[in-house]
Amino acid sequence: MKKKYILGIQCFATMDSGACIIQTSGESDKYEYVAISEERLIRKKHPYTFPLHSIKYCMEHFKINSLNEIDLLVSDIIREPVWHRSGPSYNVKEFDYIKKIFKISEKKIVQINHHLAHAASVYYTSGFKNSGILIVDGNGTDLETNSFFEGKGNKIKLIDKYNGRGIGILYNVITKDCLNLGTGGEGKTMGLAPFGRKNKSILDFSKVKYDGIVTDYSSILRRLPFSDIISFSGGEKIKKLNINLPKRSKQSNILNHKWRQIAFDVQNETEKCLIHLGKELKKRVKSQNICIAGGVALNSVANQKLFDNTKFKNIFVYPACSDAGIPFGLCIWALYNHPLFKIKKRRRIFKLKNAYTGKIYEDKKIKSILKKYNIQYNSLKINKIAEYISKGKIIGWFQNASEYGPRALGNRSILADSRNPHMQDIVNHKVKHRESFRPFAPAVLEEDYKKYFKIKQPSPYMLLVAKVIKPKLIPSVTHIDGTARVQTVNKKQNKIFYNLIKNFKKITGVGCILNTSFNDAGEPIVETPEDAILGMLNSKIDYLVLGNFVIDSKKVNKLIKKKIVKDREKRIQSNEKKAIRSLTKNYDYKDRKKYFKKETKNAYWNTIQKPFFDLKNQIKNWKNKNNKIVLFGTYDETNLLLNKMEGFKSLNIEAFMPYKHFNDDINKRNKVKLPFKTIRKISKKQIDSEILITSYEFCYDIEREIKLKYPMFNYFNYYNGYSRNLSNYFKINKK
Ligand SMILES: [Fe+2]
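Residues numbered from 1 in each chain as written. Predicted model: local features only at pLDDT ≥ 70, side-chain atom pairs only at ≥ 80, totals over all residues. Heavy atoms only, no water.

> Describe the overall build of the protein chain, listing the residues and the values that go with them.
Secondary structure summary: the protein chain contains 21 helices and 26 strands in total. Its C-alpha radius of gyration of 27 Å places the protein chain within 12% of the 27 Å reference for a compact globule of 735 residues. Over its C-alpha atoms, taken along the principal directions, the protein chain stretches across nearly 85 × 60 × 55 Å. Within the span of the protein chain, comprising 735 residues, buried residues form 61% of the whole. Put simply, of all contacts in the protein chain between residues at least 6 apart along the chain, 73% involve residues at least 24 apart. Accessible area of the protein chain: about 31800 Å², with a carbon and sulfur share of 50%. Charge separation in the protein chain, taken as the distance between the mean sites of 136 positive and 69 negative side-chain charges, equals 2 Å. (Helix = DSSP H or I, 4+ residues; strand = E, 2+ residues; numbered from the N terminus. Rg over C-alpha atoms; globule rule 2.2 N^0.38 Å. Buried < 20%, exposed > 50% of the residue type's maximum accessible area, 1.4 Å probe, protein only. Contact = heavy atoms within 4.5 Å. Areas by Shrake-Rupley, 256 points an atom, 1.4 Å probe, with all protein chains shown as cover. Lys, Arg positive; Asp, Glu negative; His and termini not counted. Charge placed at Lys NZ, Arg CZ, Asp CG, Glu CD.)

> Account for the packing of helix α11 (residues 363–372) against helix α16 (residues 529–537), naming residues and giving values.
Relative orientation of the contacting elements α11 and α16 amounts to 50°, with a least axis distance of 10 Å. With respect to each other, α11 and α16 are oriented oblique. Read as a crossing pair, α11 and α16 show a hand that is right-handed. Every residue of α16 that contacts α11 at Ile366, Ile369 and Leu370 is listed here: Pro529, Glu530 and Ile533. Of the residues assigned to the contact of α11 with α16, the class counts are 5 nonpolar, no polar and 1 charged. (Axes fitted to C-alpha atoms, helices over the stretch in contact; angles between N-to-C directions. Parallel < 35°, antiparallel > 145°, perpendicular 65-115°, else oblique. Left-handed = near helix turned anticlockwise from the far one by under 90°. Nonpolar A, V, L, I, M, F, W, Y, C, P; charged D, E, K, R; others polar.)

> Could you give me a rundown of the coordination of the iron ion, with the residues and numbers involved?
The protein atoms that coordinate the iron ion are His114 (NE2), His118 (NE2), Asp137 (OD) and Asp323 (OD), at distances of 2.1 to 2.3 Å. Site description for the iron ion: donor spacing in sequence, H-x3-H-x18-D-x185-D. Placement of both His114 and His118 in helix α4 (residues 114–123) is noted, with a separation of 4 residues, approximately one turn of the helix. When its relative accessible area of 0% is taken as the criterion, His114 is described as buried. Residue His118 is classed as buried on the basis of its relative accessible area, which comes to 1%. (Donors = N, O, S within 2.8 Å, 3.2 Å for Na, K, Ca; no water.)

> Give me the pairing of strand β18 (residues 464–468): which residues, what numbers.
Most of β18 is tucked away, with 4 of its 5 residues classed as buried. Pairing of strand β17 (residues 453–454) with β18 involves 2 bridges; the strand directions are antiparallel. Note that in β18 the partner of Phe453 across the bridge is Val468. Alignment of β18 against strand β19 (residues 483–489), held across 4 bridges, turns out to be antiparallel. (Pairing = 2+ DSSP bridges.)

> Can you lay out the environment of Lys707 for me, pointing to particular residues and giving the numbers?
Assignment of secondary structure puts Lys707 in helix α20 (residues 699–709). Since its relative accessible area comes to 53%, Lys707 is described here as exposed. Linking Lys707 and Thr607, residues 100 residues apart in sequence, is a C-alpha distance of 26 Å.

> I'd love a proper account of the pairing of strand β6 (residues 130–136), names of residues and values included.
Counting buried residues in β6 gives 6 out of 7 residues, a clear majority hidden from the surface. Judged from the 7 bridges that link them, β6 and strand β7 (residues 144–152) form a sheet pairing that is antiparallel. Counted as the bridge partner of Ile133 is Phe149 from β7. With 4 bridges joining them, β6 and strand β11 (residues 289–293) adopt parallel strand pairing. Each residue of the ladder has a partner; that of Gly132, found in β11, is Ile290.

> Describe the sheet that holds strand β8 (residues 155–163), and please don't skip the residues or the numbers.
The strand order across the open sheet built from 5 strands is β8-β7-β6-β11-β12, with neighbouring strands paired in mixed fashion. Two strands in the sheet have a free side with no partner beyond their single neighbour: β8 and β12 (314–317). Neighbour to neighbour, the strand axes of the sheet diverge by 20° on average, direction disregarded.

> I'd like a description of the packing of aromatic side chains, backed by residues and values.
Within the structure shown, the criterion is met by 35 aromatic pairs. Seen in terms of ring centroids, Tyr595 and Phe596 are 6.4 Å apart; in terms of plane orientation they differ by 55°. Their pairing is tilted. A single burial state applies to Tyr595 and to Phe596, both of which are buried. On the numbers, 5.1 Å between centres and 45° between planes, the contact of Phe662 with Phe698 is tilted. Note that Phe662 is positioned in the loop between β24 (652–658) and β25 (689–694) and Phe698 in the loop between β25 and α20, a separation of 36 residues in sequence. Overall, the relative accessible area of 1% leaves Phe698 in the buried class. Feature note: the residues Tyr31, Tyr33, Tyr318, Phe328, Phe350 and Tyr404 constitute an aromatic cluster, connected by ring pairs. Stacked on the ring of Tyr696, the Lys or Arg Arg223 has its end atom at 4.1 Å from the ring centre. (Phe/Tyr/Trp six-rings, centres within 6.5 Å; stacked < 30°, edge-to-face > 60°. Lys NZ or Arg CZ within 6 Å of the ring centre and 35° of its normal.)

> Tell me about the sheet that holds strand β2 (residues 18–25), and name the residues and values.
Across a sheet, paired strands are connected by hydrogen bonds in the backbone, their directions being either parallel or antiparallel. The strand order across the open sheet formed by 5 strands is β3-β2-β1-β4-β5, and the pairing between neighbours is mixed. Edge positions in the open sheet fall to β3 (31–37) and β5 (109–113), since each of these has one partner strand only. In this sheet, adjacent strand axes meet at a mean angle of 20° when their direction is disregarded. Pairing analysis gives 7 bridges linking β2 to β3, with the strands arranged antiparallel. Considered in β3, the bridge of Cys20 is made with Ala35. Lying over the sheet, helix α2 (residues 52–61) contacts β1 (3–9), β2 and β3, oriented at roughly 150° with respect to β3. Contacting β1, β2, β3, β4 (72–77) and β5, helix α10 (residues 326–337) runs over the sheet at an angle of about 25° to β2.

> Would you mind going over helix α18 (residues 589–625) in detail, with residue names and values included?
An ideal rise of 1.5 Å per residue puts 54 Å on 37 residues; α18 measures up with 50 Å between its terminal C-alpha atoms. Gln609 marks where α18 bends most, by close to 60°; the proline Pro611 follows one to four residues later. Here α18 starts with a cap whose side-chain oxygen sits 2.8 Å from the backbone nitrogen of Lys590, and that cap is Asp588. Directly after α18, the chain includes Asn626, whose backbone phi takes a positive value near 55°. (Expected span 1.5 Å × (residues − 1). Bend = angle between axes of the 7 residues up to and from the residue. Polar contact = N/O pair within 3.5 Å; in protein donor to acceptor, adjacent residues only side chain to side chain.)

> Account for the environment of Asp481, naming residues and giving values.
Assignment of secondary structure puts Asp481 in the loop between β18 and β19. Measuring from C-alpha to C-alpha, the distance between Asp481 and Gly138 comes to 27 Å, with 343 residues separating the pair along the chain. Beyond its immediate stretch of four places on either side in the chain, Asp481 contacts Pro194 and Lys467. A distance of 2.8 Å separates a polar atom in the side chain of Asp481 from a polar atom in the side chain of Thr483.

> Requested: an account of the state of the cysteines, with residues and values cited.
What the rule picks out here adds up to 0 disulfides. This cysteine, Cys11, is not joined by any disulfide, and Cys331 carries the nearest cysteine sulfur, 14 Å off. According to the relative accessible area criterion, Cys11 is buried, its value standing at 1%. Just so you know, Cys178 is unpaired, no disulfide at all, and the nearest cysteine sulfur is the one on Cys273, 19 Å from it. Residue class for Cys178 comes out buried when judged on its relative accessible area of 0%. (Disulfide = S-S within 2.5 Å.)

So far we have only geometry, and geometry alone does not tell us how the molecule works.
Laid out in structure tokens, this is it:
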């Protein structure tokens, strides 16, 4: 039976860059897949590079020699549905150049909505027959932040969406620009939050308004995007906030009252926001089930609050719910929806078996590596390792295939005793070299989870949070607020890990151990046996378990470290060269230079000039036809057009309808007097008019309102998801 392959990659240079391949064959609805994030393979966190290594890794897994064997390449859409440019104002040119010379026929490329890929990743692995699907992230296609979908049978339907600004980006801005916890530091903010207190708020969310799917943070947050070609190239930065926030210097202790309170406040708001969205989704679907994905779904505390405070009976959160899971979402969407994979019977929805999507490193391979570096080892005896843990030893645990997403679930883990009250400090300082407040998760036998945690259902992917019933029994996995991010483990999902915990229980009576990801601070989770050996050498891990071998760290010559690092670097470089050769046609430096020059020019034009010329053309059209125009926008932007925009004054303007009586600059209290009749709603009298949206900040909100309240009207919006405000154009083009 001929096998078919779907390759999924993100369309833009993301920090979560990666790839997935799904294999299917004939009339069977079963499928196999492999997925990996690029950072694991190139040993650089948040790489923003084209996933050359990931694609090769996935191809090798299925023994695919050439891209010709791929039946369909699925990618997402961020700014516009174009394959070659991730976004017209984007600056990551290398990523796009590789796409330009990628050796695949363009006829085989399909692009879909980013949130639809998130939705597919979670619904098609939920095992549910129907479900409400909630997607919340920083930004998806055309600045989409919140989306409601409904899954029925094997179809997913969009119910509603909201663009522009949401809780994901607010959490990101506070983490990065205020708490100074770096790119991808949202988990740290979540860990810090319980150190703050209720009723001591520093951040004021009282002006935030929720209305259905709309979570309007405009009182705090500016609309996206926050970076473009201009800011990338050292030009004027985009203002992100409407409020002033302090920025923590690296010297300022993160546990100072101010910082932990800010973390508390933004976490508290996130929980409120997700509960609201969960309740709204429940109103719009009949299902008792909810699926959640998108970067915000990594917030396990908020997931749990949503579940506890809504009427959904079952919840499923996809383990790689951030953009790391997009490549899989793209592939699985195509499997269920693209005509190329249509089969006679209806495809069933299978429940995700586990999150181990990487490739397996066999014992033979591990043995040869140990031999190469002259590392002594013993055979694995599970009860011995359990005993070590019970005696306070720290174990590096490397088994089978790596996990998809940011959580280590017992295949690339560091393990320790959950009962030891000092273990949190020891592992944070000596092993992971990270902040002392960061909590650790418990891995608990599935049959025992109710003994230790107040939680309604198993949580195999560490994406739910529960109150710890006896915190004194398992102090090293109990957070300051008495909760834990639980991983339940059963035999089917991970036999060897289950057996280890079972053995630990035999010795100690406690069926629960500390489980944290196997990586050093600032490093990706280990992928290969070599990465794991280096991980051991860089920390105070006592024993490293590699497949069926055990290494005592005291017996390892530390001098091999240099050689392993060098060999690994060489291997990564050679893999890259090989990948470029086999996946692209004629990587040519001259051509690349020309491409960069052309695309940079293009990007500048799209960012700054496009809104001006689009509006200019529209004005010309309207003038020729003598159309009646109603302005729907803000005072300051409308005034800007009045003063600076060619031809604007001579338009046949019927009236001005202010959006919520706002200025684009929300802090400017004074509203300019405009020489138009001001109206509060558009009446039937204006039916022969067209609407011009005169706002940058609120153009998406206004567009939404027009679609809802005035669907019969034509409207024109000269801004899009990558433009800068017109004032930038006028500043540059001063006469
Ligand atoms: Fe996303």
